[in-house]
Amino acid sequence: MQMDQLSAGVPVMIHLETHIKQNDDVSDYQLDVDGQLVQMGANLYLRYLEPDNETGEQTPVTMKFTPEGEVHLTRNAEAELRLHFISGKRVTARYNTPYGIMPIETVTPYLETSFKEKPFSGNVKIDYLLYAGEELVGNYKIRLQFTA
């Protein structure tokens, strides 16, 4: 598979593990799902639907990878969450809720992305802290692998 085939989009298999710590509450979440990888310009986009086991609804999720190694994560649920991860930096993010925009920030102590061409695959590791105002909402670890 060549990189130029990615402009049309290729189906990928995604394995996602999320570790969340909120106050004393710790939860682990695993997801195996089909997705799509698309290249637009210099950026790679990974798209998939995240199922909600309780409601049965599916939330579209997009991860954008830039050549500079930054990652943007967008979840288009009833509330739209846009997170932006830059290794070692604190950056403002956006949370569009039905009640208005909430200012949130991410701090990303650890971020690593690696991609291989044959077969096309990727590995994404993100550790981040989520803040609403000055208050720490939670401590998150994302481990994601995909393979075409």
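Refer to the preceding data block for the structure.
Residues numbered from 1 in each chain as written. Predicted model: local features only at pLDDT ≥ 70, side-chain atom pairs only at ≥ 80, totals over all residues. Heavy atoms only, no water.

**Student:** Explain the pairing of strand β2 (residues 25–40) to me, please; I cannot follow it from the model alone.
**Tutor:** On a regular strand, one side chain projects to one face of the sheet and the next to the other, so that they alternate. Here strand β1 (residues 10–22) pairs with β2 via 13 bridges, running antiparallel. Across the sheet, Q22 pairs through a bridge with D25, a residue of β2. Between β1 and β2, which pair antiparallel in sequence order, lie 2 residues; one of them, N23, sits at a positive phi of approximately 55°. Pairing between β2 and strand β3 (residues 43–51): 6 bridges, direction antiparallel. Of the residues in β3, the one forming a bridge with Q39 is L44. Adjacent in sequence and paired antiparallel, β2 and β3 are bridged by 2 residues, among which G41 carries a positive phi angle near 65°. (Pairing = 2+ DSSP bridges. Helix = DSSP H or I, 4+ residues; strand = E, 2+ residues; numbered from the N terminus.)

**Student:** I tried to follow the pairing of β3 on my own but got confused; where do I start?
**Tutor:** Where β3 and strand β4 (residues 58–65) come together, 8 bridges link them in antiparallel fashion. From the neighbouring strand, E50 faces β4, where its bridge partner is T59.

**Student:** Could you clarify how one ought to interpret the pattern of salt bridges in this entry?
**Tutor:** A side chain with one charge can pair with a side chain of the opposite charge if their charged atoms come near. Per the stated rule, a full pass over the model turns up 5 salt bridges. Residues E50 and R75 are paired through a salt bridge, measuring 2.4 Å at the closest nitrogen-oxygen approach. Of the two residues, E50 is situated in strand β3 and R75 in strand β5 (residues 71–76); the sequence distance between them amounts to 25 residues. Note that E105 and R90 form a salt bridge whose closest N and O atoms lie 2.8 Å from each other. Here R90 lies in strand β7 (residues 90–97) and E105 lies in strand β8 (residues 100–116), a separation of 15 residues in the sequence. On the basis of relative accessibility, which here comes to 41%, the residue R90 falls in the partly exposed class. The network of salt bridges with common partners includes D127, K141 and R143. (Salt bridge = Lys/Arg side-chain N within 4 Å of Asp/Glu carboxyl O. Buried < 20%, exposed > 50% of the residue type's maximum accessible area, 1.4 Å probe, protein only.)

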